[in-house]
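Survey of secondary and tertiary structure
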Number of protein chains: 2
Amino acid sequence: MKTRIAELRKKHKITQEELAMAVGVTRQTITSIEREKYTASLVLAYKIAKYFGTTIEDIFDFSEVEVEEIKK
Amino acid sequence: MKTRIAELRKKHKITQEELAMAVGVTRQTITSIEREKYTASLVLAYKIAKYFGTTIEDIFDFSEVEVEEIKK
DNA sequence: ATAAAATGTCAAGTATGCTTTACATTTTTT
DNA sequence: AAAAAATGTAAAGCATACTTGACATTTTAT
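This text gives an overview of the structure that appears in the document.

What counts and what doesn't
- For every chain, the first residue of the written sequence is number 1, and numbering continues from 1 onward in sequence order.
- Here every chain gets a letter starting at A, and every ligand a number starting at 1, in the order they are written.
- Note on the predicted model: pLDDT of at least 70 is required for a residue's local features to be given, and 80 or more for side-chain atom pairs to be given and counted; whole-chain, interface and lining totals, by contrast, use all residues.
- In computing side-chain properties, one takes all heavy atoms of the structure into account and sets aside hydrogens as well as water.
- By convention in this text, a residue qualifies as near a molecule or strand provided that one of its non-hydrogen atoms is within 4 Å of it.
- Within 3.5 Å is the distance limit for a polar contact, defined as a pair of N or O atoms, with the added protein rule that one can donate a hydrogen and the other accept it, and that residues adjacent in sequence qualify only through two side-chain atoms.
- Here a strand is any run of E in DSSP of at least two residues, a helix any run of H or I of at least four, and the numbering for each starts at the N terminus.
- Throughout this entry, Asp, Glu, Lys and Arg are counted as charged residues, while Ala, Val, Leu, Ile, Met, Phe, Trp, Tyr, Cys and Pro are counted as nonpolar. The remaining residues, Gly among them, count as polar.
- The cut-offs for exposure are 20% and 50% of the maximum accessible area for each residue type, with area from a 1.4 Å probe on protein chains only; residues under the lower value are buried, those over the upper are exposed, and the others partly exposed.
- Any two residues whose heavy atoms approach within 4.5 Å at even a single point are treated as in contact.

Focus: the protein's contact with DNA strand D
Surveying the vicinity of DNA strand D reveals 19 residues, the closest of which are Thr-26, Thr-29, Tyr-38 and Ser-41 of chain A together with Arg-35 of chain B. Each atom of DNA strand D within 4 Å of the protein belongs either to a base or to sugar and phosphate, the latter forming 64%. At 2.8 Å, a backbone N or O of Thr-26 of chain A approaches a phosphate oxygen of DNA strand D. Put simply, the parts of the chain that give the surface near DNA strand D at least two residues each are α3 (27-34) of chain A together with α3 (27-34) of chain B. By residue class, the composition of the surface near DNA strand D is five nonpolar, ten polar and four charged.

A short note on the protein's contact with DNA strand C
Lining the immediate surroundings of DNA strand C are 18 residues, of which Arg-9 and Arg-35 of chain A together with Gln-28, Thr-29 and Ser-41 of chain B lie closest. Restricting the count to atoms of DNA strand C within 4 Å of the protein gives a sugar and phosphate share of 64%. Taking Ser-41 of chain B, its side chain carries an N or O atom lying 2.5 Å from a phosphate oxygen of DNA strand C. At the level of secondary structure, the elements contributing two or more residues to the surface near DNA strand C comprise α3 of chain A together with α3 of chain B. In terms of residue class, the surface near DNA strand C is built from five nonpolar, ten polar and three charged.

Here we look at the environment of Leu-8 of chain B
With respect to the helices, strands and loops of the structure, Leu-8 of chain B is situated in helix α1 (residues 5-12). Leu-8 of chain B sits in the buried class, given a relative accessible area of 6%.

What about the side chain of Ser-32 of chain A?
Residues and elements named next belong to chain A. Structurally, Ser-32 is set in helix α3. Under the relative-accessibility criterion, Ser-32 is labelled buried at 16%. The residues touching Ser-32, leaving out its near neighbours within four places in the chain, are Lys-37 and Tyr-38.

Rendered as structure tokens:
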């Protein structure tokens, strides 16, 4: 899954290590998520979003996720 | 993790089975998430949120998640 | 140009998010 | 009250999200 993590890190001039420490994971986890090796868990996604002061949907790209909506 | 899934299901009068089918998981997965047996994955959380026409943060309760914020 | 820092990669191991199957229990409908 | 529908539970298995350790490669600083 594409994310805006690397972009936000560069904008704020922080390393993967610094972000990793702030959100409680290893630097390799941040690398893997940025490189789309795997998708962040819900809790980690939230922590990253809050760290950058925004929402999960603003950082993680769900455009390829197909969704149904409830009928009213 | 607490969620508002059961509440929204009741409000809209749909069963766990119906929600499960709509978001592409088994009925037992919905049960497990409602009963807090485990936390939904990011993609599933998004699908459920979109199904009910709202945001992840509105359905899943992150109040117990500790977060750091970037220093400006 | 060299050294240091940051990032990428790999592999093995652990934990968690799901699936499947089956039955129990509760709730709703008849 | 009985039957049907909905939900709860358990266990085993699979896939994925992470951790750890180590080294390679790239980027940045000197």
